[in-house]
Amino acid sequence: MEKQVKNEMKIEFLSKSANEAFARISVAAFASQLDPTIEEIADIKTAVSEAVTNSIIHGYASTEGIVKVKARLYEGEIEIEVSDNGAGIENIEEAREPLYTTKGNLERSGMGFTIMENFMDDLSVESIVGLGTKIVMTKKIKKETTTY
Amino acid sequence: MNVKHFMEDRLLVFEITEELDHHACEIIRRRADYEIQRFMPKRVVFDFNRVVFMDSAGIGLVIGRYKTVNGFGGKLEMMNVKDNLRRVFEMSGILKMIPVIDSLEKEKIS
Ligand SMILES: Nc1ncnc2c1ncn2[C@@H]1O[C@H](COP(=O)(O)OP(=O)(O)OP(=O)(O)O)[C@@H](O)[C@H]1O
Ligand SMILES: [Mg+2]
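Note that the structure is a prediction, hence the values are computed from the model and not measured. Residues take numbers from 1 onward in each chain, read along the sequence in its written order. Chains and ligands are labelled by the order in which they are written, letters from A for the one and numbers from 1 for the other. Per-residue local features are limited, in this predicted model, to residues with pLDDT of at least 70; the limit for side-chain atom pairs, both in listing and counting, is 80 or more; totals at the level of whole chains, interfaces and linings are taken over all residues. The basis for the side-chain values is all heavy atoms of the structure; hydrogens and waters are excluded.

What about the sheet that holds strand 3 (residues 77-84) of chain A?
Residue and element names in this part refer to chain A.
Part 1: For two strands to count as paired, DSSP must find a minimum of two bridges between them. Runs of E in the DSSP output that reach at least two residues are strands. Runs of H or I that reach at least four are helices, and both are numbered from the N terminus. The sheet built from 5 strands is open, its strands ordered 1-2-3-5-4 with antiparallel pairing. The two strands at the open ends of the sheet, each matched to only one other strand, are strand 1 (7-14) and strand 4 (122-128). Ignoring which end each strand starts from, the neighbouring axes of this sheet average 10° apart.
Part 2: Looking at chain direction, strand 4 and strand 5 (residues 132-140) are connected through 7 bridges and run antiparallel. Bridge pairing links Val-125 to Ile-135 in strand 5.
Part 3: Sheet strands in contact with helix 2 (residues 38-59) are strand 1, strand 2 (66-74), strand 3 and strand 5, and its direction is about 10° off that of strand 3. Here an angle of 0 to 180 degrees is reported between the N-to-C directions of two axes, which are lines fitted to C-alpha atoms, with helices fitted over the stretch in contact. Residue contacts are counted whenever heavy atoms from the two residues lie within 4.5 Å of one another.

Structure representation (structure tokens):
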């Protein structure tokens, strides 16, 4: 059965670090329509923050560009897409390894992808060197069973 | 971030009030390094009591200061690491090298 989209949103912003908070708060506010728990919201915020930060510091590095964030709500599930037209990733598999970073000198810990994988249910990464990177992550939002 | 100096113990406490993302960590790092270099503490404590959000940037911030402080023989600790922060720290393995304390217990050191 085809999943039915309940709602959809898209935001675009300049790759300025001040927008990291804006992005995660926007997605969290949108996700609240699915009635998630506090923990689920915290997971979504952290994963969005990781993805957007990566676009800003790795994708665009010292240049400036547009970061796009899309979110789609399904019954009991949110899908979030974060994309940039930045540097791209040469070896995606290697990049997804825990502790792998190309910016150790800038105090990056190489844990971003690991956190996204752990805090969300699914993560896919597409990237072309010189063209940019798109990551799509989904999370199931459990239905609270309330008994009266 | 509020910075507290305890002169007699050569203790420096960073009480963090921001959301610890890449943006905030850049600012905090500069201030923390300035205070550390100026004060050369024996002991540095990051107090996370007021932190409501942290991503991987927080790991980088703590590891970076740990290396600096360790470099001149000081000690770094973390305090009030609540569950949401602990989950992020746990993944990185830094809880194995940096002690998490419940209170400052200033009288015990010195
Ligand atoms: N949007 C992107 N554009 C280009 N390269 C990227 C992008 N996202 C990730 N990367 C590459 O993948 C590596 C791993 O990313 P990851 O988020 O896991 O760690 P990090 O960003 O280096 O460190 P941390 O997230 O812990 O601060 C990065 O160092 C970078 O080389
Ligand atoms: Mg990252």
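Next comes the rest of the description.
Overview of the site of ligand 1
Part 1: Throughout this document, a residue counts as near a molecule or strand when at least one of its heavy atoms sits within 4 Å of that molecule or strand. By nearness alone, 20 residues border ligand 1, and A:His58, A:Thr101, A:Thr102, A:Ser109 and A:Met111 come closest of all.
Part 2: More than one chain lines the surroundings of ligand 1; the residues nearby belong to chains A and B.
Part 3: Two N or O atoms form a polar contact when they lie within 3.5 Å of each other; inside protein one atom must be a possible hydrogen donor and the other a possible acceptor, and for residues adjacent in sequence the pair counts only when both atoms belong to side chains. Residue A:His58 places a side-chain N or O atom 2.6 Å away from an oxygen atom belonging to ligand 1.
Part 4: For ligand 1, an oxygen atom lies 2.5 Å from a polar atom in the side chain of A:Thr102.

Some words on the interface of chain B and chain A
Part 1: Between chain B and chain A, the contact holds 19 residues from the first and 22 residues from the second.
Part 2: When chain B packs against chain A, the two sides together hide about 1800 Å² of surface, and 54% of this comes from carbon and sulfur.
Part 3: Criterion for a salt bridge: a side-chain nitrogen of Lys or Arg within 4 Å of a carboxyl oxygen of Asp or Glu. Where chain B meets chain A, there are 5 salt bridges.
Part 4: Measuring nitrogen to oxygen at the nearest pair gives 3.8 Å for the salt bridge that ties B:Arg29 to A:Glu107.
Part 5: On the surface where chain B and chain A come into contact, there are 10 residue pairs in polar contact (both at pLDDT 80 or more).
Part 6: Here the element with the most residues in the side of chain B that touches chain A is helix 2 (residues 56-71) of chain B; it accounts for 7 residues. The term buried area means the drop in 1.4 Å probe accessible area that two parts suffer when joined, counted for both and summed.

Structural notes on helix 4 (residues 112-119) of chain A
Structurally, the α-helix is built with 3.6 residues per turn, so residues lying three or four positions apart point the same way.
Part 1: Burial status follows relative accessibility: with a 1.4 Å probe on protein chains alone, a residue under 20% of its type maximum counts as buried, one over 50% as exposed, and anything between as partly exposed. Of all 8 residues that make up helix 4 of chain A, 6 are buried, and the element is covered over most of its length.
Part 2: Turning to helix 4 of chain A, its buried residues are A:Gly112, A:Phe113, A:Thr114, A:Ile115, A:Met116 and A:Phe119.
Part 3: Check the buried side of helix 4 of chain A and you find it contacts helix 2, helix 3 (92-96), strand 4 and strand 5 of chain A together with helix 2 and helix 3 (83-92) of chain B.

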